[in-house]
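So the chains spell out like this:
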Amino acid sequence: AASSTFMIGSHVWVEDPSDAWVDGEVIEINGDEIKVQCTSNKTVVAKTSSAYPNDPEFPPSGVDDMTKLAYLHEPGVLQNLKCRYDINEIYTYTGSILIAVNPFQRLPHLYNMQVMKKYNGVALGELSPHPFAVADSAYRQMINESISQAILVSGESGAGKTESTKMLMRYLAYMGGRVDNAEERSVE
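All values derive from a computational prediction rather than experimental measurement.

The first and last C-alpha atoms of helix α4 (residues 161–176) sit 22 Å apart over 16 residues, in line with the 22 Å expected at 1.5 Å per residue. Looking only at α4, the buried set comprises S164, M167, L168, Y171, A173, Y174 and M175. Buried positions along α4 lie against β7 (97–100), α2 (113–119) and α3 (131–145).

Next comes the structure, spelled out in structure tokens:
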């Protein structure tokens, strides 16, 4: 439920039929309605029950883990994902959950051997969000703590589930298929 404790000057998100959500500042309160001067220069009247607080100190490039957001609600999440996508950061954490935004193009530089080596043995959250970090965390718990692991990949049609799963499997094959002698083998 949205907050109904807005004051004049409060920064808010309000629904918009063309943009989903628009941000602005409350300039007038009239009962259960607020008038908002949007950053897009239009003025909107909305019910306080359908408005959400907006963090005026939100970083322009977003945050890599959405648990760091001041407000974890739909407009805040969407704003963060858009800001990160705009700077070509397609992965974002929400705690230990990895959210991927399909870039609709191949990004081989994100999945090469050097990137796999970089994530090897690094705790989840120490480096940028990435499927290799999730796979490494699962692999480490399985090996070190003998705890069975599962990685759930979910999304709508065309969201990139198959590609994400390929990257997870590639990393697990890389970790499980290595040997220390000169004889090369590959699980992949």
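Moving on to empty space enclosed by the protein. Taken as a whole, this structure holds one cavity of 30 Å³ or more when the rule is applied. Quantified by volume, the largest cavity comes out at close to 60 Å³. Lining the largest cavity we find W13, P53, N54, D55, F58, L69, A70, Y71, H73, G76 and Q79. Here the residues of the lining of the largest cavity are counted per class, giving six nonpolar, four polar and one charged.

So, about helix α1 (residues 74–86). The end-to-end C-alpha distance of α1, which contains 13 residues, comes to 18 Å, matching closely the 18 Å that a straight helix rising 1.5 Å per residue would cover. Within the sequence span of α1, burial applies to P75, G76, V77, Q79, N80, L81, C83 and R84. One or two positions beyond α1, positive phi appears at N88, with a value near 65 degrees.

As a further point, take the side chain of N80. The topology assignment puts N80 in helix α1. Taking the relative accessible area as the measure of exposure, N80 reaches 0% and is therefore buried. With residues near it in sequence (within four places) discarded, N80 still touches F58, G62, V63, M66, L69 and T92.

Mapped onto the present numbering, the UniProt feature "domain: Myosin N-terminal SH3-like" (unreviewed entry) falls at residues 7–56. A helix fraction of 0% and a strand fraction of 60% characterise residues 7–56, whose end C-alpha atoms lie 14 Å from each other.

Before going further, it helps to spend a moment on the packing of aromatic side chains. Enumeration over the complete set of coordinates arrives at four aromatic pairs. Between W21 and Y52, the ring centres sit 5.5 Å apart and the planes meet at 80 degrees, which makes this aromatic pair edge-to-face. Placement of the pair is W21 in strand β2 (residues 20–30) and Y52 in strand β5 (residues 52–53), with a sequence separation of 31 residues. For Y52, a relative accessible area of 22% puts it in the partly exposed group.

It is worth spelling out the environment of A100 at this point. Mapped onto the elements, A100 comes out in strand β7. Counting along the chain gives 68 residues from A100 to L168, while the straight-line C-alpha distance between them is 13 Å.

Taken together, M7, I8 and I29 make up a surface patch of nonpolar side chains, about 320 Å² in accessible area. Inspection of the secondary structure assignment puts I8 in the segment before β1 (11–16).

Reading across the sheet, the five strands line up as β4-β3-β2-β1-β5 and stay open at both edges, with antiparallel pairing between neighbours. Unpaired on one side and paired on the other, β4 (43–47) and β5 mark the two borders of the sheet. With six bridges joining them, β2 and strand β3 (residues 33–38) adopt antiparallel strand pairing. If you follow E25 over to β3, its bridge partner there is Q37.

Residue position: Y111 is located in the loop between β7 and α2. With a relative accessible area of 13%, Y111 lands in the buried category. In the structure, Y111 is positioned 24 residues away from I87 in sequence and 18 Å away in space, judged by C-alpha atoms. In this structure Y111 touches I90, Y91, M116, H130, F132, M167 and R170, once residues within four positions along its chain are discounted. A polar contact is formed between the side chain of Y111 and the side chain of Y91, at a distance of 2.5 Å.

Definitions and limits used
- Residues numbered from 1 in each chain as written.
- Predicted model: local features only at pLDDT ≥ 70, side-chain atom pairs only at ≥ 80, totals over all residues.
- Heavy atoms only, no water.
- Helix = DSSP H or I, 4+ residues; strand = E, 2+ residues; numbered from the N terminus.
- Expected span 1.5 Å × (residues − 1).
- Buried < 20%, exposed > 50% of the residue type's maximum accessible area, 1.4 Å probe, protein only.
- Contact = heavy atoms within 4.5 Å.
- 1 Å grid on protein atoms, 1.4 Å probe; cavity = no way out; pocket = protein on both sides within 12 Å on 5 of 7 lines; lining within 4 Å.
- Points joined across faces, edges and corners; volume = space filled by probe spheres on them.
- Nonpolar A, V, L, I, M, F, W, Y, C, P; charged D, E, K, R; others polar.
- UniProt positions renumbered as here; feature names shortened; annotations may be inferred.
- Phe/Tyr/Trp six-rings, centres within 6.5 Å; stacked < 30°, edge-to-face > 60°.
- Patch = residues over 30% accessible without salt bridge, like charges linked within 9 Å, V, L, I, M, F, W, Y side chains within 5 Å.
- Areas by Shrake-Rupley, 256 points an atom, 1.4 Å probe, with all protein chains shown as cover.
- Salt bridge = Lys/Arg side-chain N within 4 Å of Asp/Glu carboxyl O.
- Pairing = 2+ DSSP bridges.
- Polar contact = N/O pair within 3.5 Å; in protein donor to acceptor, adjacent residues only side chain to side chain.

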